[in-house]
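An overview of the molecular structure
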Amino acid sequence: MAQPRPSLLAVFAHPDDEALLAGGVLAQHAAAGAATAVVTATWAADTYRAAELADALAILGAGKPRMLGYADARVPESAPGRTRLCEAPLDEVVGQIVGHIRELRPDIVITHDQFGQLTGHLDHLHTHRVTQLAVHAAGLPHLYPEAGEPWTPSALYLATHPQSGVSDLGPLLARVGKTVRSLPDDQVTASVNVGPVAATKWRAILAHRSQVEGRRALPALLSGLTEDARHRILATEWYTRLDTGPVPGPVQDSLTPNVPEPAALWGTIGRLGDLFTGLDTARGLALEQQWTLQVLKLTEEVGESAQAVIGALGANPRKERRTWSDVQEEVADTAITSLVTLHRMLGDQASSFLTDMLAQKSANFLPPAGTREGR
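Every residue gets a number counted from 1 within its own chain, in the order that chain's sequence is written. Local features in this predicted model are restricted to residues of pLDDT 70 or higher, and side-chain atom pairs are both shown and tallied only at a pLDDT of 80 or more, whereas totals for entire chains, interfaces and linings draw on every residue. Side-chain numbers come from the whole structure's heavy atoms, not from hydrogens or water.

So, on to the environment of Leu272. For Leu272, the position within the fold is in helix H10 (residues 262–282). C-alpha of Leu272 to C-alpha of Thr337: the two residues are 65 residues apart in sequence and 9.7 Å apart in space. The secondary structure listing takes helices from DSSP runs of H or I that are at least 4 residues long and strands from runs of E that are at least 2 residues long, numbered from the N terminus.

So this is what it looks like as structure tokens:
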């Protein structure tokens, strides 16, 4: 049985960022019954772009607009008489976002990446900074006590684009003199196939009518593409995950170099699982058919491991000789396929599910901590 989707709070700089950068994920989670919401840092609630935002959020199932009301760095009329977002007092902006986090208590928060999401817009950069501060501050009771009871989301995801994912988008933006800022592929945690809801995402983008009618805005550029070309750009969303809350494991007694963490392992497993799911979905396979094929693939890997053992032992003269290194590689393939299978079935819940199962197995076979094993 598929696990429920986690609740989401997206914090973006401008109306239309939510649809362009995370519209697919917002639509997917809302359709699955998860609570979703969007905080928009700039533009006042009585402007035409606020009305467009309300229409877009209705299409995505993300509730009513939550607008901080600061002025866009490049458009003073976006909030007449208000401070530009990038010049507003830091505590003021962070405190408002903390208030939304504590009110909504989301499992996951989404915002811009550290490069300012493709073009490096000043508002994108600043929204990234204040949201990251707010996510950590929201869980500390002595910070912003007036904003409600503390709450720490389980993760912060940065909407981004890998270098391999801008082949269509890069030339499109370059056409209007915009520079693309992308992330190295190995720093991307999640590649999410949102193709099944791409039409909903596009309708939400079109709801930002003023941007579709513009010349240099991305919605206008996308509207000039063929449907196939536009779908290639909209059908995948990429994210980098930053964990929040308590640090796992014992406290270190010295500073040590970075070593691969389980999160990094699951990030790679997730990308593999999402890739195979995307390919199978494109073939028209239903979810349970995909799972069945994946489990059959797992049994194939187990069989290949057994054949490698037979070859290493030389137990069957008709089989080619294998080495124990060959056996180890086959066992590793089996382990990887097992983890990919879990991810394809459980999504983001795979890691915690495996941890729970390991705890149950440990309780059955290992002595309690602090006791000696029997002989």
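Moving on: the nonpolar core. Residue types Ala, Val, Leu, Ile, Met, Phe, Trp, Tyr and Cys, when buried and joined through side-chain atoms within 4.5 Å, form a set referred to as a nonpolar core. The cut-offs for exposure are 20% and 50% of the maximum accessible area for each residue type, with area from a 1.4 Å probe on protein chains only; residues under the lower value are buried, those over the upper are exposed, and the others partly exposed. One finds Ile110, Leu218, Leu222 and Tyr239 to be the most contacted residues of the largest nonpolar core, which totals 41 residues. When residues in this core are grouped by element, the largest group, seven residues, is from helix H1 (residues 17–31). Setting aside anything within four residues of it in sequence, one finds Leu222 in contact with Leu20, Leu172, Trp202, Ile205, Arg230, Ile233 and Leu234. Ranked by size, the runner-up nonpolar core spans 24 residues in total, among them Ala37, Leu85, Ile101 and Val109. Whether two residues touch is decided by their heavy atoms; if any such pair falls within 4.5 Å, the residues are in contact.

Turning our attention to the pairing of strand S7 (residues 236–243). One ladder, built from six bridges, connects strand S5 (residues 155–160) with S7; its direction is antiparallel. From the neighbouring strand, Ala155 faces S7, where its bridge partner is Asp243. Pairing of strand S6 (residues 190–193) with S7 involves four bridges; the strand directions are antiparallel. The partner of Asn193 across the bridge, within S7, is Thr236. Following DSSP output, two strands are said to pair if at least two bridges run between them.

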